[in-house]
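Chain residues, written in single-letter form:
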Amino acid sequence: MDITTRLGHEGDLDAVRDLAAAAYELYVERIGRPPAPMTADYAAAIRAGELWVAEENLAYYPRHGYVETLRGVENGFRRVYFRKSLPRSTA
């Protein structure tokens, strides 16, 4: 896949916080408190130029036979949906 990285900016803050919460929420009950990534000061990391984000290049999919079918927001995340027709099996 084509992945690019870039320095995070203020517009990424909510998404980064949401991602950390989603990734670590299962551990809160186990360890009895939110783990460090859930309480990190991501705004300070952005201001200091210490936070990088990865972006998947959506151009990958059309180059590999996928067709975009929908864009929208689901559960607070921006989503892009693709479909790909597969060859029929002759077995």
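Anything mentioned here points back to the structure above.
Residue numbering note: each chain is counted from 1, following its sequence as written. The predicted origin of the model limits local features to residues at a pLDDT of at least 70 and limits the giving and counting of side-chain atom pairs to 80 or more, whereas totals for whole chains, interfaces and linings rest on all residues. Hydrogens and water are ignored here; the side-chain numbers use all heavy atoms of the structure.

### Structural notes on helix H1 (residues 13-31)
Here is step 1: Runs of H or I in DSSP of at least four residues are treated as helices and runs of E of at least two as strands, each being numbered from the N terminus. Residue count minus one, scaled by 1.5 Å, sets the expected span of a helix. Between the first and last C-alpha of H1 there are 25 Å, a value that for 19 residues agrees with the 27 Å anticipated at 1.5 Å per step.
Here is step 2: The reported bend at a residue is simply the angle between two axes, fitted to the 7 residues ending at it and to the 7 residues beginning with it. For H1, the principal kink sits at Tyr24 and spans about 50°.
Here is step 3: Burial here depends on accessible area, computed with a 1.4 Å probe over protein chains only, as a share of the maximum for the residue type. Under 20% is buried, over 50% is exposed, and the range in between is partly exposed. Regarding H1, the residues found buried are Leu13, Val16 and Ala20.
Here is step 4: Contacts are assigned to residue pairs that have any heavy atoms within 4.5 Å of one another. Buried residues belonging to H1 abut helix H2 (36-39), helix H3 (42-47) and strand S2 (52-56).
Here is step 5: A positive backbone phi angle near 85° is found at Gly32, which sits one or two residues after H1.

### What to know about the pattern of salt bridges
Here is step 1: A carboxyl oxygen of Asp or Glu within 4 Å of a side-chain nitrogen of Lys or Arg is what we treat as a salt bridge. Evaluation of the coordinates by the stated rule reveals 2 salt bridges.
Here is step 2: The salt bridge involving Arg71 is made with Glu68; its shortest N-O contact spans 2.6 Å.
Here is step 3: What makes Arg71 exposed here is its relative accessible area of 52%.
Here is step 4: Judged by relative accessible area, Glu68 falls into the partly exposed class, the value being 37%.

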